[in-house]
Amino acid sequence: MVNIHEVLETNEMIEKENLDVRTITLGISLLDCADNNLDRLNEKIYEKITTKAAKLVETGKDIEKEFGIPIVNKRISVTPVSLVGASACKTSDDFVTIAKTLDEAAKKVGVNFIGGYSALVSKGMTKADENLIRSIPKALSETEMVCSSVNLGSTKTGLDMDAIRLMGEVVHETAEFTKDRDSIGCAKLVVFCNAPDDNPFMAGAFHGVTEADAIINVGVSGPGVVKRALEKIHGEDFEVLCETIKKTAFKITRVGQLVAKEASERLGIPFGIIDLSLAPTPAVGDSIADIFEEMGLERAGAPGTTAALALLNDQVKKGGVMASSYVGGLSGAFIPVSEDQGMIRAVNDGALTLEKLEAMTCVCSVGLDMVAVPGDTKPSTIAGIIADEMAIGMVNQKTTAVRIIPVIGKSVGDTVEFGGLLGYAPVMNVNKFGCEGFINRKGRIPAPIHSFKN
Amino acid sequence: MKKTIITVVGKDSVGIIAKVCTYLAENKVNVLDISQTITGGFFNMMMIADLSESRKEFMDISDDLTELGESIGCVIKMQREEIFAKMHRL
């Protein structure tokens, strides 16, 4: 039987250390909605989402109350829209109508984001993929809840440099289209290498074609809990440090597993995976950078940060894996800049640069995330930053991503306010040397030699 | 058995346990175990209770207890046992 100390410990994690379940994400396949008539396609999409997700938010709230654990977000991911809309959408504007349908469906069921306005083009683009990608700026500026992602490469296929070049332009255009709101459209747009099919976290969630008709994926969090646990063993050796992170990750993940199973049972939808993540928020005490400082780094970005992050990421996975029957998604420590007080402080203090962040992405769970850069950063430079990040993912057989925001009208030293969970960010310096000659080459970068394992 | 954990946290005063137990008895909630501790000057009580005989729904009892807590200057929470059992037991 549980004892009072265990009960108090759990409740302290929830009340004082920001332990929460970050998201319950319902993945819905839209493949059976495909139609060559655009109006009919939109009707079917709306119908399917609003039926499948009708009780998602209500169920989430019930679980929250019964277990006393906050479930911060309830979200939906759908099949990449470039596939679903391929036969009905002849132009980019046709795709925008689907974005609006997704937005309406999300509002109807009360979720706060819907992901899957996506294309998977790791080796090449179909006409539909290209139309969808070109529609992203308009789609994100004319909707509120829709998130978009594009997979530009993989270890198995190499990098689609034509798509990377195009995404440099699309990111820039998305910033322009939403410049009256600090280019917030780019906060809802992410590009990937090795994108997982079952990621519950936005902006990159989509329901992969390898998935069942509907599935529940859950993302856990808890940087504050890890930080507090490390405070209690301040100055101990690496063995104690690692064991403490592992045990804490286990506890956090067990809560996620419980919530996922419960949601799956109540909604009658199979459980997919737990994403074992340490996802920070702008709230005080919910920061990954604070964990680095507790480990002994003066600021995130100081020498030693990559090693500290590698250790953290690995221990989170080792502790979490045993706590859940199925693990997937992005799993690991996220290092978004705008969503983490400690990261923001590190940038403002001059401890953390874009280049150091890039190094850190070699060992974190995802990549360059929520990084604000000057609005006059050239599309080719953005494509260059994306290519670098994709190369890291391709060669290291890991997921990498870029969510970068060229904030129109702002330059280094300015601050951008996105609001809510997206937080605020200092505009970071970008290397001024160009890369047009490289980016403007046509074609693909081949898959690395170690991908041929057959 | 529908096991739940009820926690009462607040400044110690006369009759806290009595008031909570009276409410539970009136609503046919069986108390299986009680333990308490004082941390940081605060009174912490935990009860393990069984709701299976109660005619009231979990949510209603939970709301009533929150209200009762406010009236006696304590924070009363009711949570299903699984969250604690899963987190601390293999």
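Residues numbered from 1 in each chain as written. Chains lettered and ligands numbered in written order. Predicted model: local features only at pLDDT ≥ 70, side-chain atom pairs only at ≥ 80, totals over all residues.

### Brief notes about the overall build of chain A
Next, step 1: On a plain count of helices and strands, chain A comes out with 15 helices and 15 strands.
Next, step 2: If you line up chain A on its principal axes, its C-alpha atoms span 60 × 55 × 50 Å.
Next, step 3: Looking at chain A as a whole, 61% of its 454 residues qualify as buried.
Next, step 4: If you take every contact in chain A between residues at least 6 apart in sequence, the share linking residues at least 24 apart comes to 80%. (Helix = DSSP H or I, 4+ residues; strand = E, 2+ residues; numbered from the N terminus. Buried ≥ 20, exposed ≤ 12 C-beta atoms within 10 Å, placed from the backbone. Contact = placed C-beta atoms within 7 Å.)

### Considering unusual backbone geometry
Residue and element names in this part refer to chain A.
Next, step 1: Here Met 202 and Ala 203 are connected by a cis peptide whose omega angle stands at 10 degrees.
Next, step 2: Looking at where Ala 203 falls in the secondary structure, it is placed in the loop between strand 6 (189-193) and strand 7 (214-220).
Next, step 3: Non-glycine residue Ser 183 carries a positive phi angle of around 60 degrees.
Next, step 4: Residue placement: Ser 183 occurs in the loop between helix 7 (161-177) and strand 6.
Next, step 5: Of note in this structure, Met 370 is not a glycine but carries a positive phi near 55 degrees.
Next, step 6: Residue position: Met 370 is located in strand 11 (residues 368-374).

### Digging into the sheet that holds strand 4 (residues 74-80) of chain B
Residues and elements named next belong to chain B.
Next, step 1: Here we have four strands laid out as an open sheet, ordered 2-3-1-4, and antiparallel in their pairing. Each edge of the open sheet carries a strand with a single partner, namely strand 2 (30-39) and strand 4. Each strand of the sheet is rotated relative to its neighbour by a mean of 15 degrees, with strand direction disregarded.
Next, step 2: Relative to strand 3 (residues 42-50), strand 1 (residues 3-10) runs antiparallel, the two sharing eight bridges. Within strand 3, the residue paired with Lys 3 across the bridge is Asp 50. (Pairing = 2+ DSSP bridges. Axes fitted to C-alpha atoms, helices over the stretch in contact; angles between N-to-C directions.)

### Section: helix 7 of chain A
Next, step 1: An ideal rise of 1.5 Å per residue puts 24 Å on 17 residues; helix 7 of chain A measures up with 24 Å between its terminal C-alpha atoms.
Next, step 2: Most of helix 7 of chain A is tucked away, with 13 of its 17 residues classed as buried. (Expected span 1.5 Å × (residues − 1).)

### A look at the interface of chain B and chain A
Next, step 1: At the junction of the two partners, chain B supplies 22 residues and chain A supplies 17 residues.
Next, step 2: Elements with a minimum of two residues in the side of chain B that touches chain A: strand 1, strand 2, strand 3, helix 2 (58-72), strand 4 and helix 3 (82-88) of chain B.
Next, step 3: When residues of the side of chain B that touches chain A are assigned to their parent elements, the largest contribution, seven residues, is made by helix 3 of chain B.

### So, the domain arrangement of chain A
It is common to give the size of an interface as the accessible area that goes away when the parts come together.
All names here are of chain A.
Next, step 1: Domain parsing of chain A yields domain 1 (27-193) and domain 2 (218-445).
Next, step 2: Between the C-alpha centres of domain 1 and domain 2 the distance comes to 22 Å.
Next, step 3: Opposite the 38 residues of domain 1 that make contact, domain 2 presents 42 residues.
Next, step 4: Among the secondary structure elements, those contributing two or more residues to the side of domain 1 that touches domain 2 are helix 3 (56-67), strand 4 (146-154), strand 5 (158-160), helix 7 and strand 6.
Next, step 5: For the side of domain 1 that touches domain 2, the element with the most residues is helix 7, which contributes 11 residues.
Next, step 6: Residue composition of the side of domain 1 that touches domain 2, grouped by class: 19 nonpolar, 10 polar and nine charged. (Domains from an automatic or database assignment. Nonpolar A, V, L, I, M, F, W, Y, C, P; charged D, E, K, R; others polar.)

### Focus: the nonpolar core
All names here are of chain A.
Next, step 1: Membership of the largest hydrophobic core comes to 177 residues, with the highest contact counts inside it found for Leu 152, Met 167 and Val 259.
Next, step 2: Of the residues forming this core, the biggest block, 11 residues, is contributed by helix 9 (residues 238-267).
Next, step 3: Two domains each put at least three residues into this core: domain 1 (27-193) and domain 2 (218-445).
Next, step 4: What Val 259 contacts, discounting residues up to four positions off in sequence, is Val 21, Ile 24, Ile 63, Ile 69, Ile 71 and Val 218. (Core = buried A, V, L, I, M, F, W, Y, C linked by C-beta atoms within 7 Å.)

### Quick notes on the packing of helix 6 (residues 127-141) of chain A against helix 7 of chain A
Residues and elements named next belong to chain A.
Next, step 1: At a minimum axis distance of 9 Å, the contact between helix 6 and helix 7 shows a crossing angle of 20 degrees. In terms of axis orientation, helix 6 runs roughly parallel to helix 7. In terms of crossing hand, the pair formed by helix 6 and helix 7 is right-handed. Contacts between helix 6 and helix 7 involve Ile 133, Ile 136, Pro 137, Lys 138, Leu 140 and Ser 141 on the former and, on the latter, Leu 166, Val 170, Glu 173, Thr 174 and Phe 177.
Next, step 2: Its residues assigned to classes, the contact of helix 6 with helix 7 comprises seven nonpolar, two polar and two charged. (Parallel < 35°, antiparallel > 145°, perpendicular 65-115°, else oblique. Left-handed = near helix turned anticlockwise from the far one by under 90°.)

### Observations concerning the pairing of strand 4 of chain A
Residues and elements named next belong to chain A.
Next, step 1: Summarising burial for strand 4: nine of the nine residues are buried, a large majority.
Next, step 2: Strand direction decides the pairing type here: strand 3 (residues 113-120) and strand 4, joined by six bridges, are parallel. In the sheet register, Tyr 117 faces strand 4, and the bridge partner there is Ser 148.
Next, step 3: Read as a crossover between parallel neighbours, the route from strand 3 over helix 6 to strand 4 is right-handed.
Next, step 4: In the sheet, strand 4 pairs with strand 6 via five bridges, with the strands oriented parallel. (Right-handed = clockwise from strand over helix to strand, strands pointing away.)

### As for the environment of Val 412 of chain A
All names here are of chain A.
Next, step 1: Among the structural elements, Val 412 can be located in the loop between strand 12 (400-407) and strand 13 (415-417).
Next, step 2: A count of 12 C-beta atoms within 10 Å places Val 412 in the exposed class.
Next, step 3: Remark: the alpha-carbon pair of Val 412 and Val 373, spanning 39 residues in sequence, is separated by 7.3 Å.

### Quick notes on the pairing of strand 2 of chain B
All names here are of chain B.
Next, step 1: One ladder, built from nine bridges, connects strand 2 with strand 3; its direction is antiparallel. When the sheet's bridge partners are listed, Gln 36 is paired in strand 3 with Met 45.
Next, step 2: Here strand 2 hands over to strand 3 after two residues, with Gly 40 in that stretch at a positive phi of 55 degrees.

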